[in-house]
Amino acid sequence: MAIFKCEKCGASKEGRCKPQKCPQCGEKGCMIKTEAAAGGGGKCGSGCKNRK
């Protein structure tokens, strides 16, 4: 799992795939990966485009 942070408002979200929009402000394309959360397996498994 990874932690994604909004460049605009600073909200963060944990998940396997990069969010398309910020869950707080709704801005599209502003979420950046800041760090990997503990226990990440490296594979997405959710069917998103980032799947390895």
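Residues numbered from 1 in each chain as written. Predicted model: local features only at pLDDT ≥ 70, side-chain atom pairs only at ≥ 80, totals over all residues. Heavy atoms only, no water.

Caption draft 1: Examining the overall build of the chain more closely. In terms of helices and strands, the chain carries zero helices and three strands. Helices and strands appear in the chain in the N-to-C order β-β-β. The 52 residues of the chain split such that 21% are buried. Per element, the accessible surface of the chain, about 3,900 Å² overall, is 43% carbon and sulfur. (Helix = DSSP H or I, 4+ residues; strand = E, 2+ residues; numbered from the N terminus. Buried < 20%, exposed > 50% of the residue type's maximum accessible area, 1.4 Å probe, protein only. Areas by Shrake-Rupley, 256 points an atom, 1.4 Å probe, with all protein chains shown as cover.)

Caption draft 2: Inspection of the pattern of salt bridges at higher detail. Taken as a whole and judged by the stated rule, the model has one salt bridge. A salt bridge links Lys8 to Glu27; its shortest N-O distance comes to 3.1 Å. You can see Lys8 sitting in the loop between strand S1 (2-6) and strand S2 (12-15) and its partner Glu27 sitting in the loop between S2 and strand S3 (31-36), a full 19 residues away along the chain. Here Lys8 falls in the exposed class, since its relative accessible area comes to 60%. (Salt bridge = Lys/Arg side-chain N within 4 Å of Asp/Glu carboxyl O.)

Caption draft 3: A look at the sheet that holds S1. Strands sit in the order S2-S1-S3 across an open sheet of three strands; the sheet is antiparallel. Looking at the sheet topology across the chains shown, the edges are occupied by S2 and S3. The sheet shows a mean angle of 30° between the axes of neighbouring strands, taken without regard to direction. (Pairing = 2+ DSSP bridges. Axes fitted to C-alpha atoms, helices over the stretch in contact; angles between N-to-C directions.)

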